[in-house]
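Read off the chains here:
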Amino acid sequence: MHYTLHITQRCNLQCSYCYVKRGTNDMTPETARAVVDLAARDAKRAGLIFFGGEPLLKRDLIITTMNYARSIEQKSKCRFYFKVTTNGLFLDDEFLDLAKREKMFIAISFDGVREAHDKHRKNTEGLGTYDQVVGAAQRLLALKPYSPVMMTVRPDTLPFFANGVELLFSLGFAYIIASLDYSADWQETHLPELEKQYKLLAKMYKRKTLAEDKFYFSPFEVKISSHINHRTYHQERCELGLRQLSVGPDGTLYPCVQFVDDPMFVVGDVRNGINESARQALYKRNETEKQGCDECAIRARCNHYCACLNRQATGSIDKISPMLCAHERIVLPIADELAENLYHRNSAIFIQKQYNDFYPMLSFVEDKV
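Small disclaimer: the values here were computed from a predicted structure and weren't measured. (Residues numbered from 1 in each chain as written. Predicted model: local features only at pLDDT ≥ 70, side-chain atom pairs only at ≥ 80, totals over all residues. Heavy atoms only, no water.)

A. Geometry of the overall build of the chain. Each helix and strand counted, the chain has 14 helices and 11 strands in total. In terms of overall dimensions, the chain is globule-like: its C-alpha atoms have a radius of gyration of 20 Å, near the 21 Å expected for 369 residues. In terms of overall dimensions, the chain has C-alpha extents of about 55 × 45 × 45 Å along its principal axes. Of all 369 residues assigned to the chain, the portion counted as buried reaches 53%. Across the chain, contacts joining residues at least 24 apart in sequence account for 70% of those joining residues at least 6 apart. Approximately 17800 Å² of the chain is accessible, and the part contributed by carbon and sulfur atoms is 50%. (Helix = DSSP H or I, 4+ residues; strand = E, 2+ residues; numbered from the N terminus. Rg over C-alpha atoms; globule rule 2.2 N^0.38 Å. Buried < 20%, exposed > 50% of the residue type's maximum accessible area, 1.4 Å probe, protein only. Contact = heavy atoms within 4.5 Å. Areas by Shrake-Rupley, 256 points an atom, 1.4 Å probe, with all protein chains shown as cover.)

Structure follows, in structure tokens:
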């Protein structure tokens, strides 16, 4: 089980697409310790993800929580793993040294080229943060080269999508998680540009693969895997609250990050534990096939099962948006053609990445050697 701790509602940025409720609420050390206790109660392994707002505004709480978790490990059978999702502006040498010692996973938000990043990721004075994030990314990758970057694409930044991914690769990121902001005002007129950008990205993917570069680009990897391994629908579909829970600043439990502070989606609290009936009811509700999807030819490979995306796009976990359907119908054939081409080119690194379950481990060992 993984627990995402929303340790603060405060942030040093004012990103226009942020879905997190802004405020002054912070998680107390007592609540954070209660999360650790809950996680250790039944699990042999537990992930603690520090989230915000900007979690590094509360770095003291992060440190004390990790120390407490380490002390609990000595008394229980639970092993803890740590992650922080940050905008990067407070990533200094001291915190990076701590992250290296604790083997903390750090994910940084970065929207690519300056023209795209600075449109929405501004500081409290309304100024873009591109230069600061580039510096933070360089510091992070120098110490933790496998760190992922999280990229958000909106209609007004769509023309910069491929160039943005190219920039992130050039900085040294090898693990890029790129997502559309489905809450934005997407229109049918944006679809030709979306297809154009994915075709440019497919050419980039092919070029890097044939050069035997090691990388992960989420939109294509997930779709290729869904064909080869049938994983998207059968193994990787949204399990809404079953394997990961979000913890609000006050200790209330929710099934995912998009639902924090919504009383309709409360599934317990850290002091009294998980409300299994509420959690199972939400899970079963999300499992119900969405209207119009049951006869769709690509339903088994489509992201329509993600409760967070559906809520972001339509305001309800029970409805999907036309834009989500359009996106899936664009990206799937491009990813399939790309994969077929690389397979028939007998690309060794492509075949290893897609067909060998031990590839991530072998790749890591190879890089170390």
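Now that the structure has been shown, the text picks up again.
B. The sheet that holds strand E3 (residues 79–86), seen in detail. In spatial order, the strands read E7-E6-E5-E4-E3-E2-E1-E8-E9; together these nine strands make up an open sheet with mixed pairing. Because the sheet does not close on itself, it has two edges, and the strands there are strand E7 (216–217) and strand E9 (253–254). Pairing geometry for strand E4 (residues 105–109) and strand E5 (residues 149–153), over two bridges, is parallel. What sits directly across from serine 109, in E5, is methionine 150. (Pairing = 2+ DSSP bridges.)

C. Structural view of the pattern of salt bridges. Under the criterion given, the structure shown has 19 salt bridges. Here arginine 70 ties to glutamate 102 by a salt bridge, and the two come within 2.9 Å at their closest N and O atoms. Separated by 32 residues along the polypeptide, arginine 70 in helix H2 (residues 59–73) and glutamate 102 in the loop between helix H3 (93–101) and E4 bring together distant segments of the chain. For the pair formed by arginine 70 and glutamate 102, the shared burial category is buried. One salt bridge connects arginine 279 with glutamate 276, and the closest N-O pair in it is separated by 2.6 Å. Pair noted here: arginine 279 and glutamate 276 are both in helix H10 (residues 276–287), with a separation of three residues, about one helical turn. Take glutamate 276: its relative accessible area is 37%, and that puts it in the partly exposed class. Where salt bridges share partners, they join Arg70, Glu73, Arg79 and Glu102 into one cluster. (Salt bridge = Lys/Arg side-chain N within 4 Å of Asp/Glu carboxyl O.)

D. Inspection of the pairing of strand E6 (residues 175–180) at higher detail. Every second residue of E6 is oriented toward a common face, the buried set being Ile176, Ala178 and Leu180 and the non-buried set Tyr175, Ile177 and Ser179. In terms of strand pairing, E5 meets E6 through five bridges, oriented parallel. Its bridge partner being in E6, methionine 151 is matched across the sheet by alanine 178. One crossover worth recording links E5 to the parallel E6 by way of helix H6 (residues 161–171), and it is right-handed. Here E6 pairs with E7 via two bridges, running parallel. Bridging from a neighbouring strand, isoleucine 176 pairs with phenylalanine 217 of E7. (Right-handed = clockwise from strand over helix to strand, strands pointing away.)

E. Looking closely at helix H8 (residues 218–228). For H8, the buried fraction is high: nine of the 11 residues fall into the buried class. Buried within H8 we find Ser218, Pro219, Phe220, Glu221, Lys223, Ile224, Ser225, Ser226 and Ile228.

F. Broad picture of the nonpolar core. One finds Phe80 and Phe220 to be the most contacted residues of the largest nonpolar core, which totals 105 residues. Per-element tally for this core: the top contributor is helix H12 (residues 322–344), with 10 residues. Setting aside its immediate chain neighbours within four residues, phenylalanine 220 contacts Tyr198, Leu201, Ala202, Tyr205, Val331, Ile334, Ala335 and Leu338. (Core = buried A, V, L, I, M, F, W, Y, C linked by side-chain atoms within 4.5 Å.)

G. How the structure looks around the pairing of strand E1 (residues 2–6). Of all the five residues making up E1, four are buried; the element is thus mostly covered by neighbouring parts of the structure. This β-α-β element, E1 to helix H1 (residues 29–42) to strand E2 (residues 45–51), shows right-handed connectivity. Pairing of E1 with strand E8 (residues 244–247) involves four bridges; the strand directions are parallel. Looking at the pairing, histidine 2 lines up with glutamine 244 of E8.

H. Examining the packing of aromatic side chains more closely. Inspection of the entire model under this criterion finds 11 aromatic pairs. Seen from their ring centres, phenylalanine 259 and phenylalanine 265 are 4.5 Å apart, and the 40° between their planes marks the pair as tilted. Given the relative accessible area of 0%, phenylalanine 259 is considered buried. Their ring planes at 45° and their centres at 6.0 Å tell us that tyrosine 343 and tyrosine 355 sit as a pair that is tilted. Taken together, the residues span a long stretch of sequence, with tyrosine 343 in helix H12 and tyrosine 355 in helix H13 (residues 348–355) at a distance of 12 residues. Taken together, the ring pairs connect Phe161, Phe169, Tyr198, Tyr205, Phe215, Phe217 and Phe220 into an aromatic cluster. Taking NZ or CZ as reference, arginine 79 lies 5.8 Å from the ring centre of tyrosine 81, over its face. Over the ring of phenylalanine 169 we find lysine 208, and its NZ or CZ is 4.3 Å from the ring centre. (Phe/Tyr/Trp six-rings, centres within 6.5 Å; stacked < 30°, edge-to-face > 60°. Lys NZ or Arg CZ within 6 Å of the ring centre and 35° of its normal.)

I. Fine view of the packing of H3 against helix H5 (residues 130–143). Where H3 meets H5, the axes come as close as 10 Å, and the angle between the chain directions of the two elements is 30°. Regarding the angle of H3 to H5, the classification is roughly parallel. Judged by the sense of rotation from one axis to the other, the crossing of H3 with H5 is right-handed. Contacts between H3 and H5 involve Asp93, Leu96, Asp97 and Lys100 from the former and Arg139, Leu140 and Leu143 from the latter. Of the residues that constitute the contact of H3 with H5, the class distribution is three nonpolar, no polar and four charged. (Axes fitted to C-alpha atoms, helices over the stretch in contact; angles between N-to-C directions. Parallel < 35°, antiparallel > 145°, perpendicular 65-115°, else oblique. Left-handed = near helix turned anticlockwise from the far one by under 90°. Nonpolar A, V, L, I, M, F, W, Y, C, P; charged D, E, K, R; others polar.)

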